[in-house]
Structures are given as C-alpha cells and as structure tokens.
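If you want the building blocks of each chain, they are given just below.
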Amino acid sequence: MAVPLPAYLVLGAILFAIGVVGVATRRNVLIIFMCVELMMNAVNLTFVAFASAFQALDGQVFVFFILVVAAAEVAVGLAIIYGIFRHRETVDVTDMTLMKG
Amino acid sequence: MELLLFLVLAFAAIVAALLVVTHRHPVYSALFLVVTMLCIAFLFLLLRAEFLWVMQIAVYAGAVMVLFLFVIMLLDLRREERPWRFPEHRLQVGAGVILAAALAAQLLVAAVAVRAPAGAGPFPPAVVAARGNTQLLGRLLYTEYAFPFEVTSVILLVAIVGAMVIAKRRSD
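Everything numeric in this text was worked out from a predicted model, so none of it was measured.

**Remarks on unusual backbone geometry**
At step 1: Phi at Glu89 of chain A is positive, roughly 55°, even though this residue is not glycine.
At step 2: The residue Glu89 of chain A is located in the segment after α3 (58-88) in this model.
At step 3: Looking at Glu89 of chain A, the relative accessible area reads 55%, which means it is exposed.
At step 4: Even without a glycine there, the phi angle at Arg48 of chain B is positive, about 60°.
At step 5: If you trace the backbone, Arg48 of chain B turns up in the loop between α2 (26-46) and α3 (50-75).

**With respect to a nonpolar patch on the surface**
All names here are of chain B.
At step 1: A cluster of nonpolar side chains, contributed by Leu157, Ile160, Val161, Met164 and Val165, occupies part of the molecular surface with about 510 Å² of accessible area.
At step 2: Residue position: Val161 is located in helix α7 (residues 146-167).
At step 3: A relative accessible area of 45% means that Val161 is categorised as partly exposed.

**A short note on the domain arrangement of chain B**
At step 1: Under the domain assignment, chain B is made up of domain 1 (1-102) and domain 2 (131-172).
At step 2: Using only C-alpha atoms to locate each centre, domain 1 of chain B and domain 2 of chain B end up separated by 24 Å.

**Section: the nonpolar core**
At step 1: Among the nonpolar cores identified, the biggest contains 77 residues, and Tyr8 and Leu30 of chain A together with Phe68 and Leu75 of chain B are the most heavily contacted of them.
At step 2: At the level of secondary structure, the elements contributing two or more residues to this core comprise α1 (5-25), α2 (29-53) and α3 of chain A together with α1 (2-22), α2, α3, α4 (86-113) and α6 (133-142) of chain B.
At step 3: Among the elements that take part in this core, α2 of chain A stands out by supplying 13 residues, more than any other.
At step 4: The residues that make up this core include at least three from each of domain 1 (1-102) and domain 2 (131-172) of chain B.
At step 5: In this structure, Tyr8 of chain A is in contact with Val3, Leu45 and Ala49 of chain A together with Phe6, Leu43, Leu46 and Leu47 of chain B, ignoring residues within four places of it in sequence.

**A few points about the interface of chain A and chain B**
At step 1: Across the boundary between the two partners, chain A contributes 74 residues, which contact 88 residues of chain B.
At step 2: Carbon and sulfur atoms make up 76% of the area that chain A and chain B hide from each other, which totals about 7,100 Å².
At step 3: Sorting the residues of chain A by area buried against chain B places Arg27, Met34 and Gln55 of chain A first, and these three jointly supply 10% of that buried surface.
At step 4: Joining chain A to chain B, the criterion identifies zero salt bridges.
At step 5: Our enumeration of links across chain A and chain B arrives at ten residue pairs in polar contact (both at pLDDT 80 or more).
At step 6: Among the secondary structure elements, those contributing two or more residues to the side of chain A that touches chain B are α1, α2 and α3 of chain A.
At step 7: In terms of residue count, α3 of chain A provides more of the side of chain A that touches chain B than any other element does, 23 residues in total.
At step 8: Class assignment for the residues of the side of chain A that touches chain B results in 56 nonpolar, ten polar and eight charged.

**Concerning α2 of chain A**
All names here are of chain A.
At step 1: Over its 25 residues, α2 runs 37 Å from end to end, which matches the ideal 36 Å to within 8%, given 1.5 Å per residue.
At step 2: Judged by how many residues are buried, α2 sits mostly within the fold: 18 of 25 residues are covered.
At step 3: Of the residues flanking the end of α2, it is Gln55, one or two places downstream, whose phi is positive at about 55°.

Cut-offs used in this document
- Residues numbered from 1 in each chain as written.
- Chains lettered and ligands numbered in written order.
- Predicted model: local features only at pLDDT ≥ 70, side-chain atom pairs only at ≥ 80, totals over all residues.
- Heavy atoms only, no water.
- Helix = DSSP H or I, 4+ residues; strand = E, 2+ residues; numbered from the N terminus.
- Buried < 20%, exposed > 50% of the residue type's maximum accessible area, 1.4 Å probe, protein only.
- Patch = residues over 30% accessible without salt bridge, like charges linked within 9 Å, V, L, I, M, F, W, Y side chains within 5 Å.
- Areas by Shrake-Rupley, 256 points an atom, 1.4 Å probe, with all protein chains shown as cover.
- Salt bridge = Lys/Arg side-chain N within 4 Å of Asp/Glu carboxyl O.
- Domains from an automatic or database assignment.
- Core = buried A, V, L, I, M, F, W, Y, C linked by side-chain atoms within 4.5 Å.
- Contact = heavy atoms within 4.5 Å.
- Buried area = accessible area lost by both parts, 1.4 Å probe.
- Polar contact = N/O pair within 3.5 Å; in protein donor to acceptor, adjacent residues only side chain to side chain.
- Nonpolar A, V, L, I, M, F, W, Y, C, P; charged D, E, K, R; others polar.
- Expected span 1.5 Å × (residues − 1).

In structure tokens:
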C-alpha cells in the first residue's frame, strides 16, 4: 500500500518542530547548528513528498539546490564557530555577548 | 509493505532527532543526526527520488557530518555544556518547547488538510521509470534551471574562499 502524502508532511512537521526545540533550548552552538541542519532535512523531505505527489521533478531540483547551499553554509558556519572558539575558548551561546547592546 | 517501511523509518528518524536535541555531548548528537539523515535518505528512496537518495547519503550523512565531527574533535571540548541553571534556563526551555509545539500544531493542521492532486503531472511514474530519475533531473538542471545551476558554482566558490579567510590564523 502506497504511503499517503500527509504522512510525509506530518513527519516533516514533527522533525522541523524537534529542530526548533533544539535551536531554542540548547546552548552549545554546534548542537544548535546541527538542529538547523535537521530543520533543513525536514523541509527537504516535504519538498520531495510534494514533488512525488504532483508527479513533477521541480521539487527534487529545489532539494538539490538546498543541498548545495547547505554544504556551503556548513563550511562557512563551522569556520565561524572555529574562529569564535579560538578567540573566546567557548562554544556556549550565553558567553557570546559581543553584539549585545 | 511500503507503509510498514515508512512507519519504521519515520519512527527511527523521530527517535534519533529527539536524541540529537537532548543528548549532552555534541559527538553523540552528531552521530544520531547521521541516523536521522540516513532515515530521510531511505524515505527519498521510498519516494522514488534515487538521485537525491545518493546525494543525501554522500553530501549530508557523509561530507557535512564528517565536517561536523572534524570540528568537534578540533575544538577539543573538555568542558561539557554547563548544567541547567534553575530559573532562567528552565524558562528558556519552557518557552522554546511551547513555541515549537505551537508551530508543530499549525504545520500538522495544514499537513493533514493537504490532498494530493488527482491529475497526472508532467513526469508520471511510468515516464520516470522508463527514463530514469537521474537522467530526467539532469536534463531539467541543464535546461530549465541552467541559470540557478550556474549560480550554485559561485556560491560554492564563495563558501570555499570565505571559510578559508574566516578560519585562517592571523599572521601578525
């Protein structure tokens, strides 16, 4: 029996919400970053599910572009985290108050 | 059969995602995130997106997570995340969970209401099965999406240069 479209959307929504919980509650910047990746994956799943339901491939092309941007984002983001750690010896976001007014 | 496979993969993905969020040490979080990404990769396969299945494993579960683990090892985090301080952090966790629950409720209401369109789209399963998912996707990338495809090369170049500039040790 084929899986209905809403099943994938519900799974995507749950995974996205779990990612939001992580971003909002964790203080280790690496784990926050991983949760952002988790949210992106949830969105990708939704894209592919819709592409399959509409019998179109545009959704899959979008996921391809998201994958490219995610790879670039991870490279730059981890470089920034590494730079912060070198200067301040911390990955705790509560210690990163440089731009606090 | 397909439904059963979906349920198993969905359950594994959700459990692993919860462990990513709740585990104290970033190395375990990263490894559980790999499990989640592999589950999503096999869900792509279930959706007949073979090319993205391979890309998900190679780029996300492979390259991105190796980069994450590499940086975690590089930073040598001896100090664990500080224990939760009672009043303020509890407020933060409560607010975060409530925010996410509200968001999830909205998304779930919308998701359950969605109905798949009845008519056939431009790429029905028979056509995709005959030509192959990867070939059709490649054709689409080099024709209709040629300009965005070219732009991605610039994005990657900027990311390479940017990452090196940011992570470079100052010479002075």
